[in-house]
Amino acid sequence: MPVGFGVSLVVRGQTVDPEGMLTSLARASTANGIEIDRIGDVVRFTADELGDLSVLAAPLAGWWQQHGPNVAGDVALRFVGPGGVTELNYSMPELAVEHVQRHITFDSGRPYGPGEAPGPIRRLAAALLRRTRNGFTASELVIRDEGSVLCVALAGRDLDDQPRSLELQAFDPAHDDYDPGDDDGYCLVTEHHVPVVQGLVALQLTRRVLRLRLTDGAARTWGTRSAMYQVRLHLDNHEIEQLRLQLRRLFSLGSDRLPVPKLELE
């Protein structure tokens, strides 16, 4: 079943002509069976499998970085998927490809056919569920080892097809590019791309549920109703075991001076 996403680059309120970007990724798109449709300055990429779209991360990140994104947020790489529109406004250059990859993974989906978009009942049910539960059901596990950074991400969708995600990241002190001065500890990121550093009191993986107890500061930053956050795992046994192994590895990284949450990963 084909999946895809749309993308555009907006610089100080003006959408950029994507012609140069399309030229740079033409060969990779053809080799991976990616179809390209352009409507004005917005481009949609479609492929048979989500993994095929991953080759677009580096050229899209390069296109974005060429225009000098800054903390002011006036250079935005904009993604359009079934869940709506999300933007990348700024990133450390060395993490740009990683962040674009995350957006491709979480924002891609099958385009809605006539009458397929979630109706008001499903949207209301999803909104009520979010009010009563902190968390979501994950149907996808993504593990990326960028050398200097290990990322473990879980993703899924609400009843209204809105994307939900949780990503954990940590620097590897053994990597040549590691700078202890830049290492504030592991980082948590949600689908709203709000990072929280050292935001866990405890983490527990039992059967098919990942439970996180957030610090008070992390709960306030994310605007959750309580410090308990739960991800139900709609994954196969092999994926759950990989999640267990990579979480154990992730929390073994980092400086000895940084605290580690209480872990229950058995």
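Calculation notes
- Residues numbered from 1 in each chain as written.
- Predicted model: local features only at pLDDT ≥ 70, side-chain atom pairs only at ≥ 80, totals over all residues.
- Heavy atoms only, no water.
- Patch = residues over 30% accessible without salt bridge, like charges linked within 9 Å, V, L, I, M, F, W, Y side chains within 5 Å.
- Areas by Shrake-Rupley, 256 points an atom, 1.4 Å probe, with all protein chains shown as cover.
- Salt bridge = Lys/Arg side-chain N within 4 Å of Asp/Glu carboxyl O.
- Helix = DSSP H or I, 4+ residues; strand = E, 2+ residues; numbered from the N terminus.
- Pairing = 2+ DSSP bridges.
- Axes fitted to C-alpha atoms, helices over the stretch in contact; angles between N-to-C directions.
- Contact = heavy atoms within 4.5 Å.
- Phe/Tyr/Trp six-rings, centres within 6.5 Å; stacked < 30°, edge-to-face > 60°.
- Buried < 20%, exposed > 50% of the residue type's maximum accessible area, 1.4 Å probe, protein only.

**Q** Would you mind going over a nonpolar patch on the surface with me for this structure?
**A** Taken together, the side chains of V71, Y90 and M92 present a nonpolar region at the surface, about 320 Å² in accessible area. Here M92 lies in the loop between β6 (84-88) and α4 (96-107).

**Q** It is not clear to me how the sheet that holds strand β14 (residues 209-214) should be interpreted in this structure. Could you clarify?
**A** Backbone hydrogen bonds are what pair the strands of a sheet, in a parallel or an antiparallel way. Judged by pairing direction, the sheet is mixed, and its five strands sit side by side in the order β7-β15-β14-β13-β16 without closing on themselves. Every interior strand has two partners, whereas the edge strands, β7 (135-138) and β16 (262-264), have only one. Pairs of neighbouring strands in the sheet enclose a mean axial angle of 10 degrees, with direction left out of account. Pairing of strand β13 (residues 200-206) with β16 involves three bridges; the strand directions are parallel. In the sheet register, L203 faces β16, and the bridge partner there is L263. Lying over the sheet, helix α7 (residues 237-250) contacts β13, β14 and β15 (228-233), oriented at roughly 150 degrees with respect to β13.

**Q** Honestly, the environment of A76 in this entry has me stumped. Any pointers?
**A** Take A76: it is sitting in strand β5 (residues 75-81). A C-alpha to C-alpha distance of 5.2 Å links A76 and V10, two positions 66 residues apart in sequence. Those residues within four positions of A76 in sequence are excluded, and the remaining contacts are S8, L9, V10, W64, E87, L88 and N89.

**Q** Where do I start with the packing of aromatic side chains in this structure?
**A** Aromatic rings in a pair are described by how distant their centres are and how their planes are angled relative to each other. Counting across every chain of the model gives four aromatic pairs. Pairing F5 with F45 gives two aromatic rings, centres 5.6 Å apart and planes at 40 degrees, and the pair type is tilted. Of the two residues, F5 sits in strand β1 (residues 3-11) while F45 sits in strand β4 (residues 42-47), which places them 40 residues apart along the sequence. On the basis of relative accessibility, which here comes to 0%, the residue F5 falls in the buried class. Considering the side-chain rings of Y186 and F251, the 5.1 Å spacing of their centres and the 70 degrees angle between planes classify their relative orientation as edge-to-face. Residue Y186 is found in the loop between β10 (163-171) and β11 (187-190), and its partner F251 is found in the loop between α7 and β16; the two are separated by 65 residues along the sequence. F251 carries the same exposure label as Y186, and that label is buried. An aromatic cluster is built from F5, F45 and F79, whose rings are joined through pairwise contacts.

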